[in-house]
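Commentary on secondary and tertiary structure
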Amino acid sequence: MNGKILVITGALGALGKVVTETALARGARVAGIDHAPSKLPASPTRIELGGVDLTDATQARQAVDAAAAHFGKVDALINIAGGFTFETVADGDGKSWQRMHAMNLLTALNASHAALPHLAKSATGRIVNIGAIGALQAGAGMGPYAASKAGVHRLTEALAAEWKGKITVNAVLPSIIDTEANRASMPNADFTKWVQPLELAEVILFLASDAASAVTGALIPVSGRV
């Protein structure tokens, strides 16, 4: 990753922080974009763009353009921004479906659209999305989330086909990630079977690296020890 310029959405979340720190440790320079505010001062190796609503295409473009202006280019976009909700169809009214669509699919779409002109100028342009194993076959209560992540899968495949030979586009499909929030919501689960954020970061950064030049359109399960 030495010398690579990465744009990471959802950079202030649990997974985003791990991916960011791992990339920096390997010599990458990182522009983090997040809805949460950030007070971290810009440096030659890192910039955080907080308060960005990636569901708004204009804000997404402005943030990605600012990252490119700061570093001079963009080599890879890692779309981590998103969310989760558990709701059965009978108990919902459609709002959760709209919210998951916006948080998971629309954010990835807007960030990708904004990044494409910059990535096209890189000799090693990469997009890495976060899908979900749970979107391959939705269980009870998983409809809104699974539908939105299935959309991310199809976005990944479409972009990969459209930009083949120019930009690689892949997605990782984790099961449950071992985060504080997930532990709090499922206190009786066996955490040892969950995917560790660093394990997922390793796969993400491989797909963003030169070594993954022949991989595009892939949906890669990262299922932990289940």
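This report concerns the structure included in the present document. (Residues numbered from 1 in each chain as written. Predicted model: local features only at pLDDT ≥ 70, side-chain atom pairs only at ≥ 80, totals over all residues. Heavy atoms only, no water.)

1. Topic: empty space enclosed by the protein
Scanning the entire structure with this criterion turns up 1 cavity of 30 Å³ or more. Lining the largest cavity, in full, are N79, A81, N104, T107, A108, N129, I130, K149 and V152. Of all the secondary structure elements, the ones that give two or more residues to the lining of the largest cavity are helix 3 (95-119), strand 5 (125-130) and helix 4 (143-162). A total of 3 residues in the lining of the largest cavity trace back to one element, the largest contributor, which is helix 3. Among the residues making up the lining of the largest cavity, the classes are represented as 4 nonpolar, 4 polar and 1 charged. (1 Å grid on protein atoms, 1.4 Å probe; cavity = no way out; pocket = protein on both sides within 12 Å on 5 of 7 lines; lining within 4 Å. Points joined across faces, edges and corners; volume = space filled by probe spheres on them. Helix = DSSP H or I, 4+ residues; strand = E, 2+ residues; numbered from the N terminus. Nonpolar A, V, L, I, M, F, W, Y, C, P; charged D, E, K, R; others polar.)

2. Remarks on the packing of aromatic side chains
Applying the stated criterion across every chain, the model contains 2 aromatic pairs. Ring centres 5.0 Å apart and planes at 55° place the aromatic pair F191 and W194 in the tilted group. For W194, a relative accessible area of 5% corresponds to the buried category. (Phe/Tyr/Trp six-rings, centres within 6.5 Å; stacked < 30°, edge-to-face > 60°. Buried < 20%, exposed > 50% of the residue type's maximum accessible area, 1.4 Å probe, protein only.)

3. Observations concerning the environment of K73
By the secondary structure assignment, K73 is in the loop between helix 2 (57-71) and strand 4 (76-79). With 69 residues separating them in the primary sequence, K73 and K4 have C-alpha atoms 9.2 Å apart. In this structure the side chain of K73 is engaged in a polar contact, spanning 3.3 Å, whose partner is the side chain of D75. (Polar contact = N/O pair within 3.5 Å; in protein donor to acceptor, adjacent residues only side chain to side chain.)

4. Observations regarding the nonpolar core
Residues V7, I33, L49, L77, L119 and I127 are the most contacted members of the largest nonpolar core, which totals 31 residues. Of all elements in the fold, only strand 1 (5-9), strand 2 (29-33), strand 3 (46-49), helix 2, helix 3, helix 4 and strand 6 (167-174) reach the threshold of two or more residues within this core. Element by element, the count of residues in this core is highest for helix 3, at 7 residues. Ignoring anything within four residues of it in the chain, the contact list for L119 reads V74, D75, A76, L77, G125, R126, I127 and I167. Counting residues in each nonpolar core, the second largest holds 25 residues, with A28, I177, V195 and V222 among its members. (Core = buried A, V, L, I, M, F, W, Y, C linked by side-chain atoms within 4.5 Å. Contact = heavy atoms within 4.5 Å.)

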